[in-house]
Amino acid sequence: MTKKRASSYRHLDKSNVLSLLKAIEQMYNLCQDVLNTYTQTSLMLSLAIESQMLVLKLRVMRERWHYHLPFKEACKVNFGDWSRKAKDMASSFADAEQEDMEPISEYCPSKHFLLDLYCLLPEVTTAEGYTPYYKETVMNRFIINQEQIRKQITERWTSYYKQRFSDHVASEIESSRSISLQPLSKGHETIRKACHDILTELSDELSALNDLREPEIQRDQFARLADRVFAESDYDGRKARMSAKQDVNAWKNKTPKHLKEKSREGEIETSINIINNDLKHGSKLADYIGEELDIKDNSAGVGQFLHHVRADIPVDELNDLIEQLYRIRLFREDKEQEEARNATQPDVAPAPTHSQPEPPTSGQQPQRPVLPYFFKTDFAENPVAVSAFYDLLHHIGPYISSRESDNPYRQWKWSHLRVAWGKAGLINKDTPKQHFAEFIHDVFPNVTVSSVIRSLQRYHETDIGFDRIANDIVKAFEEEA
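If you're wondering where the values come from, they're calculated on a predicted model, not measured in any experiment. (Residues numbered from 1 in each chain as written. Predicted model: local features only at pLDDT ≥ 70, side-chain atom pairs only at ≥ 80, totals over all residues. Heavy atoms only, no water.)

Along the backbone of the protein there are 20 helices and zero strands. Residues classed as buried in the protein amount to 43% of the 481 residues present. Partitioning the intrachain contacts of the protein with sequence separation of at least 6 by distance along the chain shows that 75% fall at a separation of at least 24. Carbon and sulfur atoms make up 50% of the accessible area of the protein, which amounts to about 27600 Å² in all. (Helix = DSSP H or I, 4+ residues; strand = E, 2+ residues; numbered from the N terminus. Buried < 20%, exposed > 50% of the residue type's maximum accessible area, 1.4 Å probe, protein only. Contact = heavy atoms within 4.5 Å. Areas by Shrake-Rupley, 256 points an atom, 1.4 Å probe, with all protein chains shown as cover.)

What follows deals with the pattern of salt bridges. One pass over the full model with this rule turns up 27 salt bridges. Here R327 makes a salt bridge to D247, at a shortest N to O gap of 2.7 Å. A residue pair is termed long-range when its members are at least 10 positions apart, and R327 in helix α14 (residues 315–342) and D247 in helix α10 (residues 237–254) qualify at 80 residues. An identical accessibility class is assigned to R327 and D247; each is buried. Two residues, R327 and E267, come together in a salt bridge whose shortest N-O distance is 2.6 Å. Remark: E267 occurs in helix α11 (residues 260–278) and R327 occurs in helix α14; sequence separation between them is 60 residues. Residues joined by salt bridges that share partners form a network here, namely E292, D294, K296, R329, R332, E333 and E336. (Salt bridge = Lys/Arg side-chain N within 4 Å of Asp/Glu carboxyl O.)

Taken together, V169, I173 and I179 make up a surface patch of nonpolar side chains, about 210 Å² in accessible area. Note on placement: V169 falls in helix α7 (residues 157–177). A residue is classified by how much of its surface remains accessible, and V169, at 37% relative accessible area, is partly exposed. (Patch = residues over 30% accessible without salt bridge, like charges linked within 9 Å, V, L, I, M, F, W, Y side chains within 5 Å.)

Taking 1.5 Å per residue, 17 residues should reach 24 Å; helix α6 (residues 139–155) reaches 24 Å between its end C-alpha atoms and fits that length. All of the buried residues in α6 are F142, Q146, I149 and I153. Projected down its long axis, α6 shows its buried positions confined to an angular sector of 70 degrees, all on one face. Relative to its buried face, α6 has exposed residues pointing more than 90 degrees away, namely N140, Q148, K151 and E155. If you follow the buried residues of α6, they end up packed against α4 (111–118) and α7. (Expected span 1.5 Å × (residues − 1). Arc of directions from axis to C-beta.)

In total, this model carries zero disulfides according to the counting rule given. Unpaired in this structure, C31 has its nearest cysteine sulfur neighbour in C195, at a distance of 6.3 Å. For C31, a relative accessible area of 0% gives the class buried. (Disulfide = S-S within 2.5 Å.)

The interhelical angle for the contact between α11 and α14, taken along N-to-C directions, is 155 degrees, at an axis separation of 9 Å. Comparing the axis directions of α11 and α14 gives the class roughly antiparallel. Seen along the crossing, α11 lies across α14 with a hand that is left-handed. Between α11 and α14, the residues in contact are K260, R264, E265, E267, I268, S271, I272, I274 and I275 and L321, Q324, L325, R327, I328, F331, R332, D334, K335 and E338, respectively. In the contact of α11 with α14, the residues fall into eight nonpolar, two polar and nine charged. (Axes fitted to C-alpha atoms, helices over the stretch in contact; angles between N-to-C directions. Parallel < 35°, antiparallel > 145°, perpendicular 65-115°, else oblique. Left-handed = near helix turned anticlockwise from the far one by under 90°. Nonpolar A, V, L, I, M, F, W, Y, C, P; charged D, E, K, R; others polar.)

Right, let's get into the packing of aromatic side chains. A full pass over the atoms with the stated rule returns 28 aromatic pairs. Ring geometry for F375 versus F439: centroids 5.1 Å apart, planes at 65 degrees, classification edge-to-face. Here the residue F375 occupies a position in the loop between α14 and α15 (377–380), and F439 occupies one in helix α18 (residues 433–443), the gap between them amounting to 64 residues. Side by side, F375 and F439 carry an identical accessibility label, which is buried. (Phe/Tyr/Trp six-rings, centres within 6.5 Å; stacked < 30°, edge-to-face > 60°.)

Quick look at unusual backbone geometry now. Residues other than glycine predominantly adopt negative phi, and peptide bonds predominantly adopt the trans conformation. One non-glycine residue, L293, lies in the positive phi region at around 50 degrees. Counting through the fold element by element, L293 comes out in the loop between α12 (286–289) and α13 (299–309). Overall, the relative accessible area of 0% leaves L293 in the buried class. The phi dihedral of D297 is positive, around 60 degrees, even though this residue is not glycine. With respect to the helices and strands, the residue D297 is situated in the loop between α12 and α13. Judged by its relative accessible area of 34%, D297 falls in the partly exposed class.

Residues F389, W414, L417, W421, F439 and I440 are the most contacted members of the largest nonpolar core, which totals 40 residues. The set of elements that each furnish at least two residues to this core consists of α16 (383–400), α17 (414–423), α18, α19 (449–458) and α20 (466–480). (Core = buried A, V, L, I, M, F, W, Y, C linked by side-chain atoms within 4.5 Å.)

Right, let's talk about the environment of D316 for a bit. By the element assignment, D316 lies in helix α14. The class of D316 is partly exposed, set by a relative accessible area of 45%. Through-space distance from the C-alpha of D316 to that of D236 is 9.4 Å; in sequence the pair is 80 residues apart.

Taken as a whole, the protein shows an average pLDDT of 84; of its residues, 88% reach a score of 70 or greater. Counted against residues more than four places away or in other chains, residues 1–13, with its pLDDT under 50, gives 31 contacts. Within the model, pLDDT remains below 50 along residues 97–105, and this stretch shows 16 contacts once partners closer than five positions in the same chain are excluded. (pLDDT = per-residue confidence, 0-100.)

Okay, here's the thing in structure tokens:
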């Protein structure tokens, strides 16, 4: 029976698009709430810096999304709403004379806050005969003095007192803490304009990302999404596969031979039931890859499913889903391998009389499918070159998967072929192994995707002699071309 694996997933950090947008909004609000002009300028500078960093990040992110579909990334961000927010924030930093918008509103603090600050100003405390207004104990005179001072400050708040209070605080810090705040007293308008311009750029980037919410997605993009999600450490796909493999191996070791077939079907059915009934989003998967829930040759369908549920599926559920899918595939691979071992071997044909042996036969004719996306366009659109390519591939392909003693290409493996095609400029060098394996299966139906992938994993580019063999293959295909 299957077991449930505890996920090690944790939220690694809060520096995601949504948290940065919220931080920018908070700094913007603080710019309007603080009293000191030095503080306001420093907050505007921080706002400009943080917004510029996010703008640069979003530009790359938008370009990246054209190649690699996002999964959990920024799926909770309403880019349209945030674009409008950024535009509104930018407009408040605009020059009111040039744009029909109000700048950040100025306000005057409450009465006692104003009066207490007034009592600290040097030009007040050094005046001859100065006595703090609050030492007046006759209520009538106290109230009159208080209101006169308050009226004086409020009438000149924007033109004089706000900056005067701010300068006095800065002077105290500079004299007592040895921290120079003079740079913040200059360039106020320059920083204000920077906030306007950068927030406008941020609004534009968010608007462009909003347009990408529902792009036209190709099957190869869905396939790459599935391959990435299953492999990225963020979602513990590799751990899920290892857990499934250990579970299947334990089953192999303990299950009597005569009970294996029935037990295996029961294990597969158990995993299918867990996906369909125990996992909230699992029941939707069959719509994309069929009721058998087999991930073999179904990367695009799995990717389309993941894109559909990306905003809602919890990572813990995703871990469990991946493990159950791997269990189903591994049990079916075990069945396929057993059937292959039990299959009746064909009679060996008489050895040919010519010097080079005939390719081994498989019972299924090689195919010539349309070249997939990872083949270079110039090559794929040249029918003569493609025909010659298939002629050679059909000739050598059966040898690569054969163990016959008279095999003239004994050292050639699928991994050599994949690297050689990249060197020869026939395919992209970063072609995913899964997609390469699926293409080989399309050409040679008797060769399973899983067997090709195992070969790719077994023979590494760092192995001794790997480059020599790959270069031999390059020459063979270049000669045909």
